[in-house]
Amino acid sequence: MIGEAGTTPFQKDLRRHLRERDEDRDLTRVICELATASRYVIHSIRTGELGVAGTSNLYGETQLALDVLSDRILQKRMKYSGVVAKIASEEIDEVICVNPDGKYSIVYDPLDGSSLVDVNLAVGTIVGIYEGQEPLSAGNKLVAALYILYGPRCTLVYSTGNGVHEFAMNALMEYTLVQENVQMAPSGTIYSPGGQRNQYTPGVEKFVSYLEEKGSKLRYSGGFVPDINQVLIKGQGLFMYPHLKNAPRGKLRLLYELNPMAFLIEQAGGAASNGRQRILDIEPEGIDHREPIFIGSKEDVARAEKFVAEFG
Ligand code: F6P
Ligand code: MN
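What you see is a predicted model; the values in this text were computed from it and never measured. (Residues numbered from 1 in each chain as written. Chains lettered and ligands numbered in written order. Predicted model: local features only at pLDDT ≥ 70, side-chain atom pairs only at ≥ 80, totals over all residues. Heavy atoms only, no water.)

**Topic: the sheet that holds strand β12 (residues 217-218)**
Here is step 1: On the basis of which strands lie adjacent, the open sheet formed by five strands has the order β12-β11-β13-β15-β14 and mixed pairing. Each end of this open sheet is capped by a strand with a single partner; those strands are β12 and β14 (271-273).
Here is step 2: In terms of strand pairing, strand β13 (residues 238-241) meets strand β15 (residues 293-296) through four bridges, oriented antiparallel. When the sheet's bridge partners are listed, Y241 is paired in β15 with I293.
Here is step 3: In the packing of helix α7 (residues 298-311) onto the sheet, contacts are made with β13, β14 and β15, and the angle to β15 comes to roughly 155°. (Pairing = 2+ DSSP bridges. Helix = DSSP H or I, 4+ residues; strand = E, 2+ residues; numbered from the N terminus. Contact = heavy atoms within 4.5 Å. Axes fitted to C-alpha atoms, helices over the stretch in contact; angles between N-to-C directions.)

Next up, the structure:
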């Protein structure tokens with residue numbers, strides 16, 4: 001965009017955005033370090049070789065080298081920040097103590113959807129930030145959350161509890177503001193359904209039929225970050241990874257995946273539920289806690305809860 005006098009208008013970057021909103025200095029530090037880490041992650045995705053690292057994570061999934069690499073990159077930056085106390089990462093089976101004097105503890109999925117890299121679909125990093133020393137906490141204690149989407153563009157979406165803001169990486173690998181205060185409509189026309197349909201319970205099956213009858217279109221990529229980003233940035237719709245007949249707790253992890261996204265979607269005026277209860281109010285039983293999720297436009301989530309309550 002060209003300004004009046006032929007000059008390019010100044011694009012606000014992430015650090016300046018955080019400063020102008022008077023965010024805590026240490027929290028600003030954590031968020032900016034994560035943004036820096038993502039430059040290395042996107043570089044690794046775009047140039048890195050795919051391969052099996054030879055280890056498997058807590059959940060028995062084979063780790064691609066990129067998972068391991070992304071985890072190392074994030075850990076290093078978090079240690080270097082000097083303000084992070086503890087870290088829980090989806091790729092590590094215990095909480096790591098980084099700095100006993102750190103003000104914040106963080107939970108993250110360093111490279112969600114990494115099995116999609118070999119087919120060149122979008123993947124992402126998801127992060128939740130707590131004040132204090134306890135990363136194993138309910139989502140209602142989060143002070144901030146963000147995700148980075150490595151798609152055709154690299155975008156970063158964050159909230160510190162004062163709205164949801166979207167940034168895009170420019171040619172200098174800096175994040176500049178795209179939009180502030182993203183808001184979701186109460187009801188949507190797209191849906192993104194995870195899990196195998198023949199494993200859906202009667203309640204979930206009836207809910208899907210309801211969405212189809214209302215004219216909602218299916219928009220599913222198989223990557224949690226791009227699928228959530230789609231409903232958030234379109235400002236309407238619903239993502240679900242429900243309880244299944246063969247997986248009653250669903251698939252996605254409360255700590256690393258669901259809580260940060262629930263925080264962001266609620267901040268945008270949406271809702272997130274496991275079908276019976278608000279996601280952010282669930283006390284984690286362990287770092288590997290899984291929950292079903294229905295997340296997005298408020299009325300669609302409420303409708304899912306109604307079908308689940310009635311038909312299971
Ligand atoms: O947690 C990893 C993940 O790949 C998410 O990004 C995605 O929503 C989900 O799992 C898809 O799982 P599946 O293909 O096994 O149903
Ligand atoms: Mn994941």
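**Here we look at the side chain of N99**
Here is step 1: Note that N99 resides in the loop between β4 (96-97) and β5 (104-112).
Here is step 2: If near-sequence neighbours (up to four positions away) are discounted, N99 is found in contact with G82, V83, V84 and A85.

**A closer look at the environment of G286**
Here is step 1: In this structure, G286 sits in the loop between β14 and β15.
Here is step 2: Between the alpha carbons of G286 and S137 there is a distance of 9.5 Å; along the sequence they are 149 residues apart.

**Quick notes on the coordination of the manganese ion (ligand 2)**
Here is step 1: For the manganese ion (ligand 2), the full set of protein donor atoms is D109 (OD), D112 (OD) and E257 (OE), and the range of their distances to it is 2.0 to 2.2 Å.
Here is step 2: Binding-site remark: the manganese ion (ligand 2) is held by donors from one chain whose sequence spacing is D-x2-D-x144-E. The burial state of D109 is the same as that of D112; both residues are buried. (Donors = N, O, S within 2.8 Å, 3.2 Å for Na, K, Ca; no water. Buried < 20%, exposed > 50% of the residue type's maximum accessible area, 1.4 Å probe, protein only.)

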